[in-house]
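Coordinate inspection notes
Each chain, letter by letter, is given below.
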Amino acid sequence: MSRVIVKNLPKNITQDRLSKHFSSQGTVTDVKLMKTKEGVFRKFAFVGFQDEEQSHGAVKYFNKTFIDSSKIVVEVALPFGDDGISRPWSKYSEGSSANRQGLAEKKTKRQEKEEDSEEEEVDEEFEEFLDLHSKKRSIWGNDEVTAKKARVADNQVKKKKKKKKKKKKK
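Residues numbered from 1 in each chain as written. Predicted model: local features only at pLDDT ≥ 70, side-chain atom pairs only at ≥ 80, totals over all residues. Heavy atoms only, no water.

**Some thoughts on the pattern of salt bridges**
Applying the stated criterion across every chain, the model contains 3 salt bridges. The salt bridge partner of Arg17 is Asp68, with a shortest N-O separation of 2.5 Å. With a gap of 51 residues between them, Arg17 in helix α1 (residues 15–22) and Asp68 in the loop between β4 (66–67) and β5 (70–71) connect regions that are remote in the sequence. The exposure class of Asp68 is partly exposed, given its relative accessible area of 47%. (Salt bridge = Lys/Arg side-chain N within 4 Å of Asp/Glu carboxyl O. Helix = DSSP H or I, 4+ residues; strand = E, 2+ residues; numbered from the N terminus. Buried < 20%, exposed > 50% of the residue type's maximum accessible area, 1.4 Å probe, protein only.)

**A short note on a nonpolar patch on the surface**
Together, Phe126, Phe129 and Leu130 make up an exposed nonpolar region whose accessible area comes to about 280 Å². By the secondary structure assignment, Phe129 is in helix α4 (residues 124–134). (Patch = residues over 30% accessible without salt bridge, like charges linked within 9 Å, V, L, I, M, F, W, Y side chains within 5 Å. Areas by Shrake-Rupley, 256 points an atom, 1.4 Å probe, with all protein chains shown as cover.)

**Regarding the pairing of strand β2 (residues 28–35)**
Two strands pair when backbone bridges link them, and β2 and strand β3 (residues 41–49) are joined in this way by 6 bridges, in the antiparallel orientation. By the bridge assignment for β3, Lys35 is matched with Phe41. Counted between consecutive antiparallel strands, the loop separating β2 from β3 contains 5 residues, among which Gly39 sits at a positive phi close to 95°. (Pairing = 2+ DSSP bridges.)

**Notes on the environment of Val6**
Structurally, Val6 is set in strand β1 (residues 3–7). Assessed through its relative accessible area of 0%, Val6 is described here as buried. In this structure, Val6 is in contact with Phe22, Lys43, Phe44, Ala45, Val47, Ile72, Val73 and Val74, ignoring residues within four places of it in sequence. (Contact = heavy atoms within 4.5 Å.)

**Quick notes on the pairing of β3**
Examined bridge by bridge, β1 and β3 share 5 bridges and lie antiparallel to one another. Opposite Val4, over in β3, you have Val47 as the bridge partner.

**A look at the sheet that holds β1**
Reading across the sheet, the 4 strands line up as β2-β3-β1-β6 and stay open at both edges, with antiparallel pairing between neighbours. Two strands in the sheet have a free side with no partner beyond their single neighbour: β2 and β6 (73–76). Recorded for the sheet is a direction-independent mean angle of 20° between the axes of neighbouring strands. Contacting β1, β2, β3 and β6, α1 runs over the sheet at an angle of about 135° to β2. (Axes fitted to C-alpha atoms, helices over the stretch in contact; angles between N-to-C directions.)

**A few points about the packing of aromatic side chains**
Using the criterion set out here, one finds 4 aromatic pairs in the structure. Judged by centre distance (6.5 Å) and plane angle (65°), the rings of Phe22 and Phe49 are edge-to-face. In this pair, Phe22 is assigned in helix α1 and Phe49 in strand β3, connecting sequence segments 27 residues apart. Judged by its relative accessible area of 0%, Phe22 falls in the buried class. (Phe/Tyr/Trp six-rings, centres within 6.5 Å; stacked < 30°, edge-to-face > 60°.)

**With respect to unusual backbone geometry**
Residues other than glycine seldom take positive phi values, yet Asn8 does so here, at roughly 65°. Position of Asn8 among the secondary structure elements: in the loop between β1 and α1. For Asn8, a relative accessible area of 40% puts it in the partly exposed group.

**Description of helix α2 (residues 52–62)**
What α2 keeps buried is the set Gln54, Ser55, Ala58, Val59 and Phe62. Each buried residue of α2 lies within a common arc of 140° when the element is viewed along its axis, so the set occupies one face. With respect to the buried face of α2, the exposed residues turned more than 90 degrees away are Glu53 and Lys60. If you follow the buried residues of α2, they end up packed against β1, α1, β3 and β6. Looking at where α2 begins, the residue whose side-chain oxygen comes 3.4 Å from the main-chain nitrogen of Glu53 is Asp51. Within two residues after α2, Lys64 carries a phi angle of roughly 65°, on the positive side. (Arc of directions from axis to C-beta. Polar contact = N/O pair within 3.5 Å; in protein donor to acceptor, adjacent residues only side chain to side chain.)

Set out below in structure tokens:
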């Protein structure tokens, strides 16, 4: 293969800078920085060379060297799906245990939400409670009647007081 994989790159590296760095060992055809779906740099990249001799020379020259303060690992890139590829470990890689665990947690959270929504739909007692407390209801059957009587009685008392004041003034 004429491609190499460069691991443990600093997070501020750019494609141009990586291309210039590796061009000392041959003609760089392409550079691909790997990112997550959200666009977060995963700290590794693929660098393509014109032929296999240049890529092997780059592996020998750059493996276990430093870019900034990061010690990089440079290896010959294997074709996708090759048996020689080690098991993925990143939470972003399909097939890794971290990825499966993250998916399982998401599924359980989703299932819990679904169960909660089912419980909310079925809870008739709660609906009755909300009904009773959301509307203005009278506690006693004659609340309205007694309130009217109280107002009428208050008005009568006020009228009597006014009459008494008028009599005292005369």
